[in-house]
Amino acid sequence: MSEGQKLKEIAVLFFKLGSIAFGGPAAHIAMMEDEVVRKRKWMTQEHFLDLMGATNLIPGPNSTEMTMHCGHERAGWKGLFVAGFCFIFPAVVITGIFAWLYKKYGQLPEVEPFIYGIKPAVIAIIIMAAYKLGKKAVKNTKLAILGIAAIVVCLLGVNEIIVLFGCGLIGLLIYLITNRNNTLNSFIPFLIFQGASETSISNIKILLTFLKIGAILYGSGYVLFAFLDAELVANGWLTRQELIDAVAVGQITPGPVLSTATFIGWQLNGISGALLATLGIFLPSFLFVLLLNPLIPKMRKSKIMRSILDAVNVAAVALIVVVCIQMSKDTLTDWRTILIAIISIATVFIFKKANSAYIVLGGALLGYLLNFF
């Protein structure tokens, strides 16, 4: 297959995922695993796990960065940029429409009936991904215990970043204890970007503020809202109600939740503010992945880095399980959502080759129909 055909294939796939990927980073990654590992075989499940584990250790939106990794695996740096852009684009356009309506009418359209059935269907997709990735990640009893411990401490409220780095440290200690003659001779660079003063709202100010947030934001996209509150509400750029409405848009639109930046940028300075906020928050991810992707195979070849990566991979799967548990508590609130979840779970395990897009659409249809009962 020529480079042009590969890039077209990448563009079509990630545009599709960006248009239907509801449910947050865990759901996005589950859909990606289904598409690029099981259906298209662009990489092995082990390598997908390595990419996922390493991605959790750098700043930025995890699922968006995973799209970039997948694109890079298929067609190099060009594939990275095509995958990232096509995944982000649908969410940005949809969010831009919401932002324009909000600016014009001062409220959001009622969309809850349309997504009522999507959330329980997405839980099924996440469960299947956790099951498949978990089988590969849990290579021995030590890693199984580490994974269970990670789930428990996350459910007790320990920050996910502490859990990820903590598991990596434990993996390192296990290696050093079992291989006492070896020494640590490698390191992982981390980039911290600081910028943006606190004076006036201009396009350059919007760009620098969201560039800073994109470069230091760890964990899932939902951590973004705490950053936005500190950067924008506290400085009087945005009211808290506007931030709450922006959060709502991030929840109800497909694709990366960081497209919230598009909505906020529009409120601050129209379409130019929306474009610059979007550019600022996503640009660091493209650069981080471009730097990180070539290092991952080298990390896997190093025995000491392999031990750390194995531990981080188990922690990453544990986080997916925790997200699934938390989503279930929030979503499965009545017999309708429970029924949709059961049907969706049965579907993904019985029809293992079923496209995740059909699961999402089926959930939406069931949710709409069951609302009449």
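Conventions and cut-offs
Residues numbered from 1 in each chain as written. Predicted model: local features only at pLDDT ≥ 70, side-chain atom pairs only at ≥ 80, totals over all residues. Heavy atoms only, no water. Salt bridge = Lys/Arg side-chain N within 4 Å of Asp/Glu carboxyl O. Helix = DSSP H or I, 4+ residues; strand = E, 2+ residues; numbered from the N terminus. Expected span 1.5 Å × (residues − 1). Buried < 20%, exposed > 50% of the residue type's maximum accessible area, 1.4 Å probe, protein only. Phe/Tyr/Trp six-rings, centres within 6.5 Å; stacked < 30°, edge-to-face > 60°. Disulfide = S-S within 2.5 Å. Axes fitted to C-alpha atoms, helices over the stretch in contact; angles between N-to-C directions. Parallel < 35°, antiparallel > 145°, perpendicular 65-115°, else oblique. Left-handed = near helix turned anticlockwise from the far one by under 90°. Contact = heavy atoms within 4.5 Å. Nonpolar A, V, L, I, M, F, W, Y, C, P; charged D, E, K, R; others polar. Patch = residues over 30% accessible without salt bridge, like charges linked within 9 Å, V, L, I, M, F, W, Y side chains within 5 Å. Areas by Shrake-Rupley, 256 points an atom, 1.4 Å probe, with all protein chains shown as cover.

Colleague: If you had to explain the pattern of salt bridges to someone new, which residues and values would you point to?
Modeller: One pass over the structure, following the stated rule, counts nine salt bridges. Put simply, Glu-35 and Lys-16 hold a salt bridge, and the shortest N to O gap is 2.8 Å. With Glu-35 in helix α2 (residues 25-39) and Lys-16 in helix α1 (residues 3-20), this pair connects stretches of sequence that are 19 residues apart. Salt-bridge contacts for Lys-132 lead to Glu-33; the nearest nitrogen and oxygen are separated by 3.1 Å.

Colleague: Any details on unusual backbone geometry? Residues and values, ideally.
Modeller: Of note, the phi angle at Lys-41 is positive, near 55°, even though the residue is not glycine. By the element assignment, Lys-41 lies in the loop between α2 and α3 (45-55).

Colleague: Give me the lowdown on helix α9 (residues 203-216), citing residues and values where you can.
Modeller: The terminal C-alpha atoms of α9, which comprises 14 residues, lie 20 Å apart, in line with the 20 Å expected from a rise of 1.5 Å per residue. Counting buried residues in α9 gives 10 out of 14 residues, a clear majority hidden from the surface.

Colleague: Which residues make up the packing of aromatic side chains, and what values go with them?
Modeller: Applying the stated rule across the entire model yields six aromatic pairs. With a centroid separation of 5.1 Å and 55° between ring planes, the pair formed by Tyr-102 and Phe-263 is classed as tilted. Residue Tyr-102 is located in helix α4 (residues 62-105), and its partner Phe-263 is located in helix α12 (residues 260-292); the two are separated by 161 residues in the primary sequence. Phe-263 matches Tyr-102 in its accessibility class, with the two residues each being buried. An aromatic cluster is defined as three or more aromatic residues linked by ring pairs; in this entry it consists of Trp-77, Phe-81 and Phe-286.

Colleague: Tell me about the state of the cysteines, and please be specific about residues and values.
Modeller: By definition, a disulfide links the sulfur atoms of two cysteines through a covalent bond. In the structure shown here, the tally under the stated rule is zero disulfides. Among the cysteines around Cys-167, which has no disulfide bond, Cys-154 carries the closest sulfur, lying 8.0 Å off. Note on Cys-167: relative accessible area 5%, which makes it buried.

Colleague: Explain the packing of helix α6 (residues 118-137) against helix α14 (residues 303-331) to me, using residue names and the numbers behind them.
Modeller: α14 packs onto α6 with a crossing angle of 160° between their chain directions and a minimal axis gap of 9 Å. As the angle between them shows, α6 and α14 are arranged roughly antiparallel. You can see that α6 and α14 cross each other, and the crossing is left-handed. Residues Lys-119, Pro-120, Val-122, Ile-123, Ile-126, Ile-127, Ala-130, Leu-133, Gly-134 and Ala-137 of α6 lie in contact with α14, whose contacting residues are Asn-313, Val-314, Val-317, Ile-320, Val-321, Cys-324, Met-327, Ser-328 and Thr-331. Looking at side-chain class alone, the contact of α6 with α14 contains 14 nonpolar, four polar and one charged residues.

Colleague: Requested: an account of a nonpolar patch on the surface, with residues and values cited.
Modeller: On the surface, Trp-335, Leu-339, Ile-343, Leu-365, Tyr-368, Leu-369, Phe-372 and Phe-373 cluster together into a nonpolar patch covering about 860 Å² of accessible area. Secondary-structure assignment places Leu-369 in helix α16 (residues 356-370). Note on Leu-369: relative accessible area 40%, which makes it partly exposed.

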